[in-house]
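Residue-level structural notes
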Amino acid sequence: CDKARFVLKGNLINRPIDSFINTFKNQDISISKIEDGYIVSGTLKSGLFEIEGDVSSQFISGLLFALPILDGDSKIVIKNKISSLNYILMTIDTIRKFGIDVNFSIDEQIIYIKGNQVYQSKEYHVENDYSQAAFFLGLGAINDQITVKGMNPLSYQADKNVIPLLKKMGVNLLVKDDSITAYPSKIKGTTLSLDENPDLGPILIGISSFSSSPMTFTNIKRLRIKESDRIEAMRYNLDLLGVKSSCPNEDTLIIYPNTLTKPLKTLSSFNDHRIFMTLAVITSHLEEVSIDNELCINKSYPRFLEDLKSIKEGQYE
């Protein structure tokens, strides 16, 4: 199109997109920041795209969806370390299922995309989401046994890492075929990197407050540029619940566990779906705890509170 205006809400306006803007410098595409979003003008053309790999895999996924239908072949060169590699692999796996030819040399960090391709319609079964399953596995670890079913054990989803990460925290998990059972466990302090799994950050940070010793999270910077600053959002709420924390540097968070107490005022979701769901899980044993802006869960899991209530009432696994 000649010109488009994107209006952003919440923390989206603060997300860094300089690397994405730089990608289009040779494309005659202009991206200008305005008060509530961006003005984009120009037309996307095939060619060479150089992009930073350690900011957001979403930039690369967006290009992967668009480039195959353009005239001419394209190449994406990923610079620096690739963060969230599995999200790129998942995107490539998905578009291949719809007839798109893509070649990714992981060692060279180059993606080759043929042009003039056509997406082929087909019936497609969307996998169950490991990111959402993590909330219930976390609940099982600190409360009562919970089994999550229908999880693809061969999935490219990055947040499938919730299994080894929870195990490292001492959570007793049973993985059998497409089901995962979490048993009440003694959480233990350890060091976890969130570089590949920033979306798991809130729930892992939340259940770390039940640990027997301090828990350290590294590579946390990208959590600060999500729907909220998820590091400060969790620190604020955990402090209200009687759990202290510290950030010895910008990329490290330490949680000092303590018995959670009922807060004297309403917990804040910071209008962030993952913060709300985390708070609901870790306070499920406390009576009448208030969390604001519950409608924020509609972004990813509108039925979350209904499912959580059903589990607490023992209606299903």
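Structure: above.
Treat the numbers as computed from the prediction; the structure is a model and nothing was measured.

Criteria and cut-off values
- Residues numbered from 1 in each chain as written.
- Predicted model: local features only at pLDDT ≥ 70, side-chain atom pairs only at ≥ 80, totals over all residues.
- Heavy atoms only, no water.
- Phe/Tyr/Trp six-rings, centres within 6.5 Å; stacked < 30°, edge-to-face > 60°.
- Helix = DSSP H or I, 4+ residues; strand = E, 2+ residues; numbered from the N terminus.
- Buried < 20%, exposed > 50% of the residue type's maximum accessible area, 1.4 Å probe, protein only.
- Polar contact = N/O pair within 3.5 Å; in protein donor to acceptor, adjacent residues only side chain to side chain.
- Pairing = 2+ DSSP bridges.
- Axes fitted to C-alpha atoms, helices over the stretch in contact; angles between N-to-C directions.
- Contact = heavy atoms within 4.5 Å.
- Core = buried A, V, L, I, M, F, W, Y, C linked by side-chain atoms within 4.5 Å.
- Expected span 1.5 Å × (residues − 1).

Attention now goes to the packing of aromatic side chains. One pass over the structure, following the stated rule, counts nine aromatic pairs. Consider the rings of Phe20 and Phe24, whose centres lie 5.0 Å apart with planes at 80°: the pair is edge-to-face. Ring geometry for Phe24 versus Phe49: centroids 6.3 Å apart, planes at 80°, classification edge-to-face. Here the residue Phe24 occupies a position in the loop between helix H1 (18-23) and strand S2 (30-34), and Phe49 occupies one in strand S4 (residues 48-52), the gap between them amounting to 25 residues. Since its relative accessible area comes to 0%, Phe49 is described here as buried. Ring-pair connections join several aromatic residues into one group, and the members of that group are Phe20, Phe24, Phe49 and Phe59.

With that settled, the discussion passes to the side chain of Ser74. You can see Ser74 is positioned in strand S5 (residues 74-79). A polar side-chain atom of Ser74 sits 3.1 Å from the main-chain amide nitrogen of Gly47.

To continue, consider the sheet that holds strand S3 (residues 37-41). Strand order in the open sheet formed by three strands is S1-S3-S2, and the pairing between neighbours is antiparallel. Edge positions in the sheet fall to strand S1 (3-7) and S2, since each of these pairs with one other strand and no more. Across the sheet, the mean angle separating the axes of adjacent strands is 20° when strand polarity is ignored. With five bridges connecting them, S2 and S3 associate as antiparallel partners. Each bridged residue has a counterpart across the sheet, and for Ser32 the counterpart in S3 is Ile39.

On to the environment of Lys168, then. Relative to the helices and strands, Lys168 is located in helix H5 (residues 162-168). Accessibility expressed as a relative area gives 42% for Lys168, which makes it partly exposed. C-alpha separation for the pair Lys168 and Glu108, spaced 60 residues apart in sequence, amounts to 31 Å. In this view, Lys168 contacts Lys188, Thr190, Thr191 and Leu192; residues no more than four positions away in its chain are not counted.

A few words now on the sheet that holds strand S9 (residues 172-176). Pairing in this open sheet of three strands is antiparallel, and the strands run S8-S10-S9 from one edge to the other. Sheet topology places strand S8 (146-148) and S9 at the edges, where each strand pairs with a single neighbour. Neighbour-to-neighbour, the strand axes of this sheet turn through a mean angle of 20°, independent of strand direction. In this sheet, strand S10 (residues 179-183) lies alongside S8 in antiparallel orientation, the contact comprising three bridges.

Here we come to the nonpolar core. The biggest cluster of nonpolar side chains holds 57 residues, and the ones touching the most others in it are Leu166, Leu204, Ile205, Phe217 and Phe304. Leaving out residues up to four positions away in the same chain, Leu166 has contacts with Leu137, Val171, Leu173, Leu204 and Ile207. Counting residues in hydrophobic clusters, the runner-up holds 26 residues, among them Ile13, Ile29, Leu63 and Val102.

The buried count for S1 comes to zero of five residues, which makes it a mostly uncovered element. Sheet analysis places S1 next to S3, joined by five bridges and oriented antiparallel. Across the sheet, residue Lys3 finds its bridge partner in S3, namely Ser41.

For helix H4 (residues 130-142), with 13 residues, the first-to-last C-alpha span of 18 Å sits near the 18 Å given by 1.5 Å per residue. Among the 13 residues that make up H4, twelve are buried, leaving the element largely enclosed by the rest of the structure. Residues Tyr130, Ser131, Gln132, Ala133, Ala134, Phe135, Phe136, Leu137, Gly138, Leu139, Gly140 and Ala141 constitute the buried set of H4. Elements in contact with the buried residues of H4: S8, H5, S10, helix H6 (201-207), helix H8 (273-282) and helix H9 (304-312). With a side-chain oxygen positioned 2.8 Å from the backbone nitrogen of Ser131, the residue opening H4 is Asp129.

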